[in-house]
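# Summary of structural features
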Amino acid sequence: MKGNLKNNKKNGNIYIPLNGRIEEIIQLTSDVRLFKAKTEIPIDYKPGQFFMISVWGSGEIPISVTSLPEKNGMPELCIRKTGVVTTAIHSLQTGQFVGLRGPYGNGFPMDISKGRDVVIVAGGIGIAPLRPLIQQFIKKPNETGKVTLLYGSRTPDEIIFRDEVEDWKKSGITVVLTVDKGNDNWNGNIGLVTGFWPEVRTNFKNAVAYICGPEVMIKAAMRDLFFLGMPDDRIITTLESHMKCGVGKCGHCYAGPKYICTDGPVFSYKEIKEQSILK
Ligand SMILES: Cc1cc2nc3c(=O)[nH]c(=O)nc-3n(C[C@H](O)[C@H](O)[C@H](O)COP(=O)(O)OP(=O)(O)OC[C@H]3O[C@@H](n4cnc5c(N)ncnc54)[C@H](O)[C@@H]3O)c2cc1C
Ligand code: FES
């Protein structure tokens, strides 16, 4: 079994969650909230990993970490309200608790970005797992070359972390925002993220890409980047699937010969092609 379980064993049992007290809730868009949860003990984790988050009486779901680990042990979780458990989480107030098991999964490979230009491609809520990567690149600007974020949303009102995007730009990240459908106040780009490769001024052959978003966007972005010359082992994405256990026991997240929860959720395009992980 892979994944970092050492921080999570409560009474020696990986299925018993830690308590996470919700310290702060920030409404990011009409259906997306950021939760800052203080855990009983500080938990270490890395970009690309996820927690199994539970609400008593509603269920348990996988949610990516959307912040870098802090000494005070407050992982940030960016959650879109889509169904039963996410609605239950959205109904919680500060001072109430969620359960957290994890962190699980492999996380993003960071070594391959050392000294290279980085292209980050995000669609919708896909920005959530990519945000700690952006924070990491801003924190250690000398470790990478030029960092470009291509970020697509359905409408201008659905751009998540809109205020932070301005800070990212000030910190040296080149940001290309686009929406599927504009409004009267929008004079920016309109169209799919994959229509904006010419805005990414980099030598794709030497760069590395990190992608997250709807499956159709991930597939198109991986294919385009490969045809633009990026090696398939440097095109990295994180995948979603239905999960129950999160620790390689139940088989709910099976994709090709892999478990998304323990072998992933982060895979390279090379692995995805060679092992038929995405249909
Ligand atoms: C590794 C991983 C990381 C994730 N990170 C985040 C995150 O950071 N923020 C976030 O908002 N969401 C994230 N998700 C998706 C999140 O887990 C689902 O939205 C959640 O499980 C839906 O639960 P629900 O009970 O609210 O919805 P349900 O009532 O179960 O279903 C509502 C709808 O969502 C679909 N759905 C349910 N579970 C999933 C799933 N696991 N993946 C895709 N669609 C699903 C259902 O088919 C249905 O259409 C992640 C998923 C994975 C696997
Ligand atoms: S979620 Fe149970 S095996 Fe992956």
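Cut-offs applied
- Residues numbered from 1 in each chain as written.
- Chains lettered and ligands numbered in written order.
- Predicted model: local features only at pLDDT ≥ 70, side-chain atom pairs only at ≥ 80, totals over all residues.
- Heavy atoms only, no water.
- Helix = DSSP H or I, 4+ residues; strand = E, 2+ residues; numbered from the N terminus.
- Rg over C-alpha atoms; globule rule 2.2 N^0.38 Å.
- Buried < 20%, exposed > 50% of the residue type's maximum accessible area, 1.4 Å probe, protein only.
- Contact = heavy atoms within 4.5 Å.
- Areas by Shrake-Rupley, 256 points an atom, 1.4 Å probe, with all protein chains shown as cover.
- Lys, Arg positive; Asp, Glu negative; His and termini not counted.
- Charge placed at Lys NZ, Arg CZ, Asp CG, Glu CD.
- Near = heavy atom within 4 Å.
- Polar contact = N/O pair within 3.5 Å; in protein donor to acceptor, adjacent residues only side chain to side chain.
- Pairing = 2+ DSSP bridges.
- Axes fitted to C-alpha atoms, helices over the stretch in contact; angles between N-to-C directions.
- Domains from an automatic or database assignment.
- Buried area = accessible area lost by both parts, 1.4 Å probe.
- Salt bridge = Lys/Arg side-chain N within 4 Å of Asp/Glu carboxyl O.
- Core = buried A, V, L, I, M, F, W, Y, C linked by side-chain atoms within 4.5 Å.

A few words on the overall build of the chain. Scanning the chain for helices and strands turns up six helices and 15 strands. A compact globule built from 279 residues would reach a C-alpha radius of gyration of about 19 Å, and the chain, at 18 Å, matches this within 12%. Put simply, the chain has 279 residues, and 51% of those count as buried. Of all intrachain contacts in the chain linking residues separated by at least 6 positions in sequence, the fraction that spans at least 24 positions is 69%. In the structure as shown, the chain presents an accessible area of about 13,000 Å², 49% of it carried by carbon and sulfur atoms. Separation between the mean location of the 35 positive side-chain charges and that of the 28 negative ones in the chain comes to 4 Å.

The local shell around ligand 1 holds 19 residues, among which P62, C78, R80, V85 and T86 are the closest. One nitrogen or oxygen atom from the side chain of S64 is found 3.0 Å from a nitrogen atom belonging to ligand 1. The separation between an oxygen atom of ligand 1 and a polar main-chain atom of G83 is 3.2 Å. Relative to its unbound accessible surface of 860 Å², ligand 1 loses 73% to contact with the protein.

In spatial order, the strands read β10-β9-β8-β7-β11-β12-β15; together these seven strands make up an open sheet with mixed pairing. Strands with a single pairing partner mark the edges of an open sheet, and in this sheet they are β10 (189–190) and β15 (266–268). Of the pairings in the sheet, the one linking strand β9 (residues 174–179) to β10 comprises two bridges and is parallel in character. Looking across to β10, one finds that T178 is bridged to N189. Packing against the sheet, helix α4 (residues 215–227) makes contact with β7 (118–123), β11 (208–212) and β12 (235–238), and its axis sits at approximately 165° to β11.

What follows is about the sheet that holds strand β2 (residues 32–39). A sheet is described by the order of its strands in space; here six strands give the open sequence β4-β3-β6-β1-β2-β5, paired in antiparallel fashion. Because the sheet does not close on itself, it has two edges, and the strands there are β4 (59–64) and β5 (76–80). When the angles between neighbouring strand axes are averaged without regard to direction, this sheet yields 40°. Across four bridges, strand β1 (residues 18–29) lies against strand β6 (residues 97–104) in antiparallel orientation. Bridged to N19 within β6 is G99.

Considered domain by domain, the chain is made up of domain 1 (18–104) and domain 2 (111–274). Between domain 1 and domain 2, the C-alpha centre-to-centre distance is 21 Å. Listed by partner, the interface residues are 20 residues for domain 1 and 24 residues for domain 2. In total, domain 1 and domain 2 occlude about 1,800 Å² of area from one another, counting both sides; carbon and sulfur atoms represent 63% of this. Of all residues in domain 1, T66, L68 and R80 bury the most surface against domain 2, accounting for 28% of the area lost on that side. Taken together, domain 1 and domain 2 are joined by one salt bridge. The salt bridge partner of R131 is E76, with a shortest N-O separation of 2.9 Å. In this structure, the connection of domain 1 to domain 2 is made through five residue pairs in polar contact (both at pLDDT 80 or more).

A word on the nonpolar core. One finds V121 and I211 to be the most contacted residues of the largest nonpolar core, which totals 36 residues. Residue assignment for this core shows that the elements contributing at least two residues are β3 (50–55), β7, β11, α4, α5 (260–263) and α6 (269–274). When residues of this core are assigned to their parent elements, the largest contribution, five residues, is made by α4. Residues from two domains meet in this core; each of domain 1 (18–104) and domain 2 (111–274) gives at least three. In this view, V121 contacts L130, L150, V193, W197, Y210, I211, C212, M217 and A221; residues no more than four positions away in its chain are not counted.

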